[in-house]
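# Topology and contacts: notes
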Amino acid sequence: ADVDARFGRAVLSGMSGKPAVECAYVKSEVTDLPYFASRVEFGRGGVSKVLHYGSLNNYEKGRLEEVKVQLKSEIQAGLKYAAHGQLG
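Note that the structure is a prediction, hence the values are computed from the model and not measured.

Basis of the calculations
- Residues numbered from 1 in each chain as written.
- Predicted model: local features only at pLDDT ≥ 70, side-chain atom pairs only at ≥ 80, totals over all residues.
- Heavy atoms only, no water.
- Helix = DSSP H or I, 4+ residues; strand = E, 2+ residues; numbered from the N terminus.
- Rg over C-alpha atoms; globule rule 2.2 N^0.38 Å.
- Buried < 20%, exposed > 50% of the residue type's maximum accessible area, 1.4 Å probe, protein only.
- Contact = heavy atoms within 4.5 Å.
- Areas by Shrake-Rupley, 256 points an atom, 1.4 Å probe, with all protein chains shown as cover.
- Lys, Arg positive; Asp, Glu negative; His and termini not counted.
- Charge placed at Lys NZ, Arg CZ, Asp CG, Glu CD.
- Phe/Tyr/Trp six-rings, centres within 6.5 Å; stacked < 30°, edge-to-face > 60°.
- Salt bridge = Lys/Arg side-chain N within 4 Å of Asp/Glu carboxyl O.
- Expected span 1.5 Å × (residues − 1).
- Arc of directions from axis to C-beta.

## A look at the overall build of the protein chain
Of regular secondary structure, the protein chain possesses two helices and three strands. For the protein chain, the α and β elements follow one another from N to C terminus as α-β-β-β-α. The C-alpha atoms of the protein chain give 15 Å as radius of gyration, which overshoots the globular expectation for 88 residues (12 Å, by more than 25%). The principal-axis extents of the C-alpha atoms in the protein chain amount to approximately 40 × 40 × 25 Å. In the protein chain, which comprises 88 residues, the proportion classed as buried is 23%. The contacts in the protein chain between residues at least 6 apart in sequence include a share of 26% that link residues at least 24 apart. Taken as a whole, the protein chain presents about 6500 Å² of accessible surface, with 56% of it coming from carbon and sulfur. Taken together, the 12 basic and 10 acidic charged side chains of the protein chain have centroids lying 5 Å from each other.

Take a look at the structure:
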């Protein structure tokens, strides 16, 4: 519940003209995937900026590459569901 409240406050703060930063799963270009969980800045119109995740050490780079395989298939399934209303 706390995360939901923080997210809601960030969105409302941005819409009121006071930019706020929080994490969200958004369409972005921070990786080669079309969607990624990132820190974003909320402004009057919603997400105004997607922030890059910063520098990663070698271990983190390896783990990111591993998780991207799973995320890619989940994103594809989600896009298919959005287009056709069914999974599989």
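## Considering the packing of aromatic side chains
The relation between two aromatic rings is expressed through the spacing of the ring centres and the mutual angle of the planes. Enumeration according to the criterion identifies two aromatic pairs in this entry. Relative to phenylalanine 42, the ring of phenylalanine 7 lies with its centre 5.5 Å away and its plane at 90°, an arrangement referred to as edge-to-face. Pair noted here: phenylalanine 7 is in helix H1 (residues 2-15) and phenylalanine 42 is in strand E2 (residues 35-43), with a separation of 35 residues, a long-range link. Look at phenylalanine 7 and you get partly exposed, because its relative accessible area is 33%. Owing to a relative accessible area of 5%, phenylalanine 42 belongs among the buried residues under this scheme. Between phenylalanine 36 and tyrosine 53, the ring centres sit 6.3 Å apart and the planes meet at 50°, which makes this aromatic pair tilted. Of this pair, phenylalanine 36 sits in strand E2 while tyrosine 53 sits in the loop between strand E3 (46-50) and helix H2 (58-84), and the two are 17 residues apart along the sequence.

## Topic: the pattern of salt bridges
According to the stated counting rule, one finds four salt bridges in the structure shown. Here arginine 6 and glutamate 22 are joined by a salt bridge, their closest N and O atoms 2.9 Å apart. Pair noted here: arginine 6 is in helix H1 and glutamate 22 is in strand E1 (residues 20-27), with a separation of 16 residues, a long-range link. Given the relative accessible area of 37%, arginine 6 is considered partly exposed.

## A look at H1
Taking 1.5 Å per residue, 14 residues should reach 20 Å; H1 reaches 20 Å between its end C-alpha atoms and fits that length. Of the residues making up H1, those classed as buried are Ala10, Ser13 and Gly14. For H1, the buried positions fall inside an angular range of 95° around the axis, keeping them on one side. Counted as exposed and oriented over 90 degrees from the buried face of H1: Asp4 and Leu12. For H1, the elements touching its buried residues are E1 and E2. Positioned one or two residues after H1, glycine 17 has a phi angle of 105°, which is positive.

So far we have only geometry, and geometry alone does not tell us how the molecule works.
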